[in-house]
Amino acid sequence: MASYPELRLYIGGAWRKTAETIPVLNPADESVIGALPVAGRADLDDALEAADKGFRVWSRLSPRARGDIILRACAIMRERIDEIAHAITLEHGKPFRQAQAEVIRGCEFFEWDAAEGQRLYGRVVPSEAGIRYIVVRQPVGTVAAFSPWNFPMSQPARKIAGALASGCSIILKAAEETPAGAVHIARAFHDAGLPAGVFNLVFGRPAEISSYLIPKDQVRLVAFTGSTNVGRHLTEMAATAMTPVLMELGGHAPVIVCDDADAGRAGVLSAERKYRNAGQVCTSPTRFFVHESRFAAYTDAFVARAKATVTGDGFDPATEMGPVANDRRLTALQALVDDAVAKGARLLAGGHRIGNRGYFWAPTVLADVPYDARVMQEEPFGPLAVINPVRDLDEGIMRANDLPFGLAGYAFTHSAANVDRLVDQLEVGNLSINTLEASVAEVPFGGVKYSGYGREGGAEGLDHYTIIKNVSHRMA
Ligand code: NAD
């Protein structure tokens, strides 16, 4: 099996080492697997200059020519799927099969956007004789993007795909904990013949990089995926520079189980989704509001599936759930469980770290959790579910909407009337009924309220990466 890749910055089409590095750890055993380069100001200045030059070249190519290069890079990544997935499992810990699925998903984001880039239509507005009004969409310019560690390949893919398919250049700061996914994307684009400077990859100290890049004139869009607090901070910096932002932020997804649902099946499906990626997904279902007539059956099925979840090293084919990303998550999860139990919640599964080497946390279920417990407000971002009974759909919707987050929401029901109410009233960007799938490349993904704004994917996915220009043309 391939080894972990050499980690480098990628600036102006060339790989670059740095004097300073920080260790990258395998979260399954805490061993050091790589040395991450730390970009300094000179590197960032070079990236800005390269991105500026790259934009001038890339934005002038035809959308088809751009699409061809993106598709060539995808073909390379699909060929290298096992090598990339191996690196993802090493640095992130997720089961190897899920890492392979992530590579495919990342390629699908690229492939979808590459095609959408060829459909960035403008329009001709009806006018009097002698003048034409033409509306065109043009790439916004250089994008400064920041991607998190939970999906080392598909998170960077979302941002790079949107930028490149629209004709923008990009400087991406990928996550320090999981850099190899982005390094592999850069390798594939390099090998596919992407012009120098179109895609630049940096790593380092996140706050230093964002505060240096965001105020720069060359940066015309800030795209971030991560927590609401950091997103708000970056948005404030961007506002000072009058730079638009695309923000995919935290969630605390509700699941409403109605009185007509098949409680046993819904419980199993819910648990399987909850523990995918060790719960470290912004759309992860977390707050389960179950009609009181289905509560016992649903909770029993959920808890049984939680306890059966095989937790371990991602390279073991039997493993269903790997470790969490770092020791910060272990500390955060323990604090949330202790607080909820102290306030009267029932701990039905897990609630503790597994072993003392590697960041493993047992699949956890809390039930009858008081609404003043911290976990009812704070996104646990880990394998932790809370299940509470509700009297009816009204209470379920009220509880679901009670937080400032609004990313994904889910429901189990076969009633058209219930679905109609959920579509009208649930304050989320992504609503899934009888499925816990929240986003595929073909549909727009994004949040409302504190979960951010802007959309990635779907027909809307390139909107933020383009500007609209009106042309009034009087003929002689
Ligand atoms: P964090 O808020 O410290 O970091 C989240 C991400 O933002 C990381 O990738 C980090 O490198 C980056 N970041 C942090 N400060 C930054 C700055 N000043 N400028 C630019 N980037 C910065 O939290 P964490 O402990 O790494 O992760 C836990 C929290 O992050 C979770 O509670 C969750 O809400 C959020 N998160 C969300 C997603 C998502 O998909 N929306 C993914 C990962 C993490």
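Check the entry above for the structure.
Described below are features of the structure shown in this document. Note that this is a predicted model, so its numbers are computed, not measured. (Residues numbered from 1 in each chain as written. Predicted model: local features only at pLDDT ≥ 70, side-chain atom pairs only at ≥ 80, totals over all residues. Heavy atoms only, no water.)

### Some thoughts on the packing of aromatic side chains
Then comes step 1: By the definition in use, this model includes 11 aromatic pairs.
Then comes step 2: On the numbers, 6.5 Å between centres and 25 degrees between planes, the contact of phenylalanine 289 with tyrosine 371 is stacked. Pair noted here: phenylalanine 289 is in strand β13 (residues 285–291) and tyrosine 371 is in the loop between β17 (364–367) and β18 (384–390), with a separation of 82 residues, a long-range link.
Then comes step 3: Overall, the relative accessible area of 29% leaves tyrosine 371 in the partly exposed class.
Then comes step 4: Among the aromatic side chains, those forming a connected cluster through ring pairs are Tyr10, Trp15, Phe110, Phe189 and Phe199.
Then comes step 5: A cation over a ring is seen here: lysine 216 above tyrosine 212, with NZ or CZ 4.2 Å from the ring centre. (Phe/Tyr/Trp six-rings, centres within 6.5 Å; stacked < 30°, edge-to-face > 60°. Helix = DSSP H or I, 4+ residues; strand = E, 2+ residues; numbered from the N terminus. Buried < 20%, exposed > 50% of the residue type's maximum accessible area, 1.4 Å probe, protein only. Lys NZ or Arg CZ within 6 Å of the ring centre and 35° of its normal.)

### Brief notes about unusual backbone geometry
Then comes step 1: Backbone geometry at methionine 242 places phi at a positive 55 degrees, although glycine is not the residue there.
Then comes step 2: For methionine 242, the location among the structural elements is in the loop between α8 (228–240) and β11 (245–248).
Then comes step 3: For methionine 242, a relative accessible area of 68% translates into the label exposed.
Then comes step 4: Backbone geometry at phenylalanine 381 places phi at a positive 45 degrees, although glycine is not the residue there.
Then comes step 5: You can see phenylalanine 381 is positioned in the loop between β17 and β18.

### What to know about the environment of threonine 286
Then comes step 1: For threonine 286, the position within the fold is in strand β13.
Then comes step 2: Residue classification places threonine 286 among the buried residues on the basis of a relative accessible area of 4%.
Then comes step 3: It is 9.5 Å that separates the C-alpha atoms of threonine 286 and valine 375, two residues lying 89 residues apart in sequence.
Then comes step 4: In contact with threonine 286, not counting residues within four places along its chain, are His252, Ala253, Lys274, Pro380, Leu384, Ala385 and Val386.
Then comes step 5: A polar side-chain atom of threonine 286 sits 2.9 Å from a polar atom in the side chain of lysine 274. (Contact = heavy atoms within 4.5 Å. Polar contact = N/O pair within 3.5 Å; in protein donor to acceptor, adjacent residues only side chain to side chain.)

### Focus: the sheet that holds strand β5 (residues 123–125)
Then comes step 1: If you trace the 3 strands from one edge of the open sheet to the other, you get β5-β6-β24, paired in antiparallel fashion. If you trace the sheet from one side to the other, it starts and ends with β5 and β24 (466–474), each paired once. Here the average twist between neighbouring strands, direction ignored, is 25 degrees. (Pairing = 2+ DSSP bridges. Axes fitted to C-alpha atoms, helices over the stretch in contact; angles between N-to-C directions.)

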